[in-house]
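# Chain and residue survey
Okay, here's what each chain looks like letter by letter:
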Amino acid sequence: VQLQASGGGLVQTGGSLRLSCAASGSIFSVRDMGWFRQAPGKQREFVADINIRGITDYGKSVKGRFIISRDDAKKMVYLQMNSLEPEDTAVYYCKANIVPTRGLPMDHWGAGTQVTVSS
């Protein structure tokens, strides 16, 4: 099972980016999916998550600016990031709780994608 994140890049303050994360491998189902981020010198921070019923939760610093969504048919999770600020600069990681075709559910992390917001 793998998670592959994409969509990061360089954007100016006030701009938008859309991150995508695809789950692949021997997957029976994908449960909670979410995004975290880590800025240089800081701890990894919760950004947003979405459960299998589509219920979402957001970190305080991104609420009202970011939107998380998922496509279960494609086993993907998205993060639409609007009104970006330099403080949003970080490596963004996707996370998913995956039920494999064999074995127990486990949390998986993607490798991360860099988002840089210039002032």
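Let me sum up the structure you'll find in this document. (Residues numbered from 1 in each chain as written. Predicted model: local features only at pLDDT ≥ 70, side-chain atom pairs only at ≥ 80, totals over all residues. Heavy atoms only, no water.)

## Overview of the overall build of the protein
- Helix and strand counts for the protein stand at zero helices and 11 strands.
- Beginning at the N terminus, the succession of helices and strands in the protein can be written as β-β-β-β-β-β-β-β-β-β-β.
- Radius of gyration (C-alpha) of the protein: 14 Å, near the 14 Å computed for a compact globule of 119 residues.
- For the protein, the spread of C-alpha atoms along the three principal axes comes to 45 × 25 × 20 Å.
- Sorting the 119 residues of the protein into buried and exposed places 41% on the buried side.
- When contacts within the protein are restricted to residue pairs at least 6 apart in sequence, long-range pairs at least 24 apart make up 55% of them.
- When the 14 basic and 10 acidic side-chain charges of the protein are each reduced to a single mean position, those positions are 5 Å apart. (Helix = DSSP H or I, 4+ residues; strand = E, 2+ residues; numbered from the N terminus. Rg over C-alpha atoms; globule rule 2.2 N^0.38 Å. Buried < 20%, exposed > 50% of the residue type's maximum accessible area, 1.4 Å probe, protein only. Contact = heavy atoms within 4.5 Å. Lys, Arg positive; Asp, Glu negative; His and termini not counted. Charge placed at Lys NZ, Arg CZ, Asp CG, Glu CD.)

## Quick look at the sheet that holds strand E3 (residues 17-24)
- Here four strands make up an open sheet; going across it, the order is E1-E3-E8-E7 and the pairing antiparallel. For this open sheet the edge positions go to strand E1 (2-6) and strand E7 (66-71), each flanked by a neighbour on one side alone. The mean inter-strand angle of the sheet, taken between neighbouring strand axes irrespective of direction, is 15°.
- Here six bridges tie E3 to strand E8 (residues 76-81), and the two strands are oriented antiparallel to one another. When the sheet's bridge partners are listed, Cys-21 is paired in E8 with Val-77. (Pairing = 2+ DSSP bridges. Axes fitted to C-alpha atoms, helices over the stretch in contact; angles between N-to-C directions.)

## A closer look at the environment of Gln-4
- Structurally, Gln-4 can be placed in strand E1.
- Overall, the relative accessible area of 55% leaves Gln-4 in the exposed class.
- Placed 79 residues apart in sequence, Gln-4 and Ser-83 show a C-alpha to C-alpha distance of 25 Å.
- Those residues in contact with Gln-4 that lie beyond four places of it in its chain are Ser-20, Cys-21 and Ala-22.

## Looking at the pattern of salt bridges
- Evaluated as defined, the whole model comprises five salt bridges.
- When salt bridges with common partners are traced through the structure, they connect Arg-37, Glu-45, Arg-65 and Asp-88 into a single cluster. (Salt bridge = Lys/Arg side-chain N within 4 Å of Asp/Glu carboxyl O.)

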